[in-house]
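Residues per chain are reported as follows:
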Amino acid sequence: MTAEAEILTELRRLRTRLPQVTGALTASVDGLVLAQDAIDDAESVAALTAAALGVAQRLTHTTGRGAFRELLVQGEDGYAATYAAGSAAVLTLLALPRTNVGRLHLEARRAGARIGELVDGALERLETS
Amino acid sequence: MTSTGPRAARPRNTTHSTHRKGSANPMGNTETALKDAMTSIEGTIGVALVDYSSGMALGTLGGGKDLDLSVAAAGNTDVVRAKVRTMELLGLKDEIEDILITLGGQYHLIRLLKSRGHTGLFLYLALDKSRANLAMARHQLRRVEDMLEV
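Since we're looking at a predicted model, the values are computed, not measured. (Residues numbered from 1 in each chain as written. Chains lettered and ligands numbered in written order. Predicted model: local features only at pLDDT ≥ 70, side-chain atom pairs only at ≥ 80, totals over all residues. Heavy atoms only, no water.)

Colleague: Explain the overall build of chain A here, please?
Modeller: Across its full length, chain A carries 3 helices and 5 strands. The helix and strand sequence of chain A, counted from the amino end, reads α-β-β-α-β-β-β-α. The C-alpha radius of gyration computed for chain A amounts to 14 Å, which stays within 12% of the reference 14 Å derived for 129 residues, consistent with globular compactness. With the C-alpha coordinates of chain A rotated into their principal frame, the extents come out at 45 × 35 × 25 Å. Buried residues in chain A amount to 43% of all 129 residues. A sequence separation of at least 24 residues applies to 48% of the contacts in chain A between residues at least 6 apart. Approximately 6,900 Å² of chain A is accessible, and the part contributed by carbon and sulfur atoms is 55%. (Helix = DSSP H or I, 4+ residues; strand = E, 2+ residues; numbered from the N terminus. Rg over C-alpha atoms; globule rule 2.2 N^0.38 Å. Buried < 20%, exposed > 50% of the residue type's maximum accessible area, 1.4 Å probe, protein only. Contact = heavy atoms within 4.5 Å. Areas by Shrake-Rupley, 256 points an atom, 1.4 Å probe, with all protein chains shown as cover.)

Spelled out as structure tokens, the structure:
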């Protein structure tokens, strides 16, 4: 299975485990979609994720909080959350207002780590080939 | 569910950080109450005060590598929500006082807080079955709830 297909499997698995997550995508840190599941206009979401990530990274660095881990935004009609996934990618999730945020964090951190391995692994293979 | 009106209109903000040691909590006496539960209830393995609108713990004490209390907080939020929803579907106009889950080696006790300022919170208590006295633990947990209300 290609890395992209494996990432998509991971996104779908996450959505099955957490039905309150209405959409999931993995983007490169520069804002390009690597894989997405049930997100309308994924390109825009990925681009905005990269913009938010830029600000978040500057904020964590300026305030001495170390490398970026996660970003949670709550709107009146739900959540948009971004989690670090290795060195080159992020995982962005859209969730309903009544989402169990505790579980969202637990599942997304796990998925982010797994997706990070997949993306970093694929990049390494590209470099060595 | 138990919430009234739109979420945005609620005055209370949900806390989006897990206070592992119960420090810097929004209610000054959370830490004291958790400490009291941990020391006075025989057989306690871990205790947590959980916001079930977010699934996050406001304070935790005990636990350790065999019992990750932030996982327990998130997972038991689903338990509470499922029971609330079931009662709604059954048309039961009542409220949950507590939920007991009996394992092979442990008791897990969930007590929903009832006072005005604390709706949407529950106390979670994990007990070692061989050392705990269930009736006493339930009684004492009620006292811990009262401590939180001051």
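Colleague: Just checking my understanding: could you explain the packing of helix α1 (residues 30-40) of chain B against helix α3 (residues 134-149) of chain B for this structure?
Modeller: In a pair of packed helices, the angle between the axes and the distance between the axes together describe the arrangement. All names here are of chain B. Between α1 and α3, whose axes approach to 9 Å, the crossing angle comes to 165°. Taken together, the axes of α1 and α3 are roughly antiparallel relative to one another. Relative to α3, α1 is oriented so that their crossing is right-handed. Contact residues: Thr30, Thr32, Ala33, Asp36, Ala37 and Ser40 in α1; Gln140, Arg143, Val144, Met147 and Leu148 in α3. Grouping the amino acids of the contact of α1 with α3 by side-chain chemistry returns 5 nonpolar, 4 polar and 2 charged. (Axes fitted to C-alpha atoms, helices over the stretch in contact; angles between N-to-C directions. Parallel < 35°, antiparallel > 145°, perpendicular 65-115°, else oblique. Left-handed = near helix turned anticlockwise from the far one by under 90°. Nonpolar A, V, L, I, M, F, W, Y, C, P; charged D, E, K, R; others polar.)

Colleague: Whenever I open this one, the interface of chain B and chain A confuses me. Can you help?
Modeller: Interface size, as often reported, equals the accessible area lost upon joining of the parts. Of the residues lining the interface, 17 residues belong to chain B; the matching set on chain A comes to 14 residues. Carbon and sulfur atoms supply 47% of the area buried between chain B and chain A, which totals about 1,100 Å² over both sides. For the pair chain B and chain A, the number of links is 1 salt bridge. In this structure, A:Arg103 and B:Asp78 form a salt bridge, with 2.7 Å as the shortest nitrogen-oxygen distance. Grouping the constituent residues of the side of chain B that touches chain A by class yields 5 nonpolar, 8 polar and 4 charged. (Buried area = accessible area lost by both parts, 1.4 Å probe. Salt bridge = Lys/Arg side-chain N within 4 Å of Asp/Glu carboxyl O.)

Colleague: Can you walk me through the pairing of strand β1 (residues 44-51) of chain B in this structure?
Modeller: For a regular strand, side-chain orientation follows a simple rule: the groups alternate between the two sheet faces. All names here are of chain B. The buried count for β1 comes to 7 of 8 residues, which makes it a mostly enclosed element. Inspection of the sheet shows β1 paired to strand β2 (residues 56-62) by 6 bridges, in the antiparallel sense. Paired with alanine 48 across the strands is threonine 60, a residue of β2. (Pairing = 2+ DSSP bridges.)

Colleague: Just to check I follow, could you spell out the confidence of the model for chain B for this structure?
Modeller: Note that predicted coordinates carrying low pLDDT should not be read in detail. Residue and element names in this part refer to chain B. In the predicted model, chain B carries a mean pLDDT of 84, and 81% of its residues have values of at least 70. In this model, residues 1-26 is a region of pLDDT below 50 whose contacts with residues beyond four sequence positions or in other chains number 54 contacts. Interface scoring of the predicted complex returns ipTM 0.72; its pTM is 0.81. (pLDDT = per-residue confidence, 0-100.)

Colleague: Looking at this structure, how should I read the sheet that holds strand β4 (residues 78-85) of chain A?
Modeller: Working definition: the strands of a sheet are paired by backbone hydrogen bonds and lie parallel or antiparallel to each other. Residue and element names in this part refer to chain A. Strand order in the open sheet formed by 5 strands is β2-β1-β5-β4-β3, and the pairing between neighbours is antiparallel. This sheet does not close on itself; its edge strands, each paired only once, are β2 (33-37) and β3 (70-75). Within this sheet the neighbouring strands show an average axis-to-axis angle of 15°, counted without direction. The sheet strands contacting helix α1 (residues 3-17) are β1 (21-28), β2 and β5 (89-95), and the helix crosses β2 at an angle near 35°.

Colleague: What am I meant to see in the sheet that holds strand β3 (residues 98-102) of chain B here?
Modeller: All names here are of chain B. Spatially, the 5 strands line up as an open sheet ordered β2-β1-β5-β4-β3, and their pairing is antiparallel. If you trace the sheet from one side to the other, it starts and ends with β2 and β3, each paired once. Between one strand axis and the next, the sheet turns by 15° as a mean value, whatever way the strands run.

Colleague: So what exactly am I meant to see when it comes to the side chain of A:Thr49 here?
Modeller: Along the chain, A:Thr49 falls in helix α2 (residues 42-62). From its side chain, A:Thr49 meets the backbone oxygen of A:Val45 in a polar contact 2.8 Å long. (Polar contact = N/O pair within 3.5 Å; in protein donor to acceptor, adjacent residues only side chain to side chain.)

Colleague: I'm lost on the nonpolar core in this one. Help?
Modeller: In a soluble, globular protein the nonpolar side chains are often hidden away together inside. Formed by 24 residues in total, the largest nonpolar core has its most connected members in A:Ile7, A:Leu11, A:Tyr83, A:Leu91, A:Leu93, A:Leu104 and A:Ile115. When residues of this core are traced back to their parent elements, those giving at least two are α1, β1, β4, β5 and α3 (101-128) of chain A. The dominant element in this core, judged by the number of residues it contributes, is α3(A), at 7 residues. With near-sequence residues (within four places) excluded, A:Leu91 lies in contact with A:Leu11, A:Leu14, A:Leu25, A:Thr26, A:Ala81, A:Thr82, A:Tyr83, A:Ala85, A:Ala108, A:Ala111, A:Gly112 and A:Ile115. Counting 19 residues, the second-largest nonpolar core is a separate cluster that includes B:Ile41, B:Leu121, B:Ala132 and B:Ala137. (Core = buried A, V, L, I, M, F, W, Y, C linked by side-chain atoms within 4.5 Å.)

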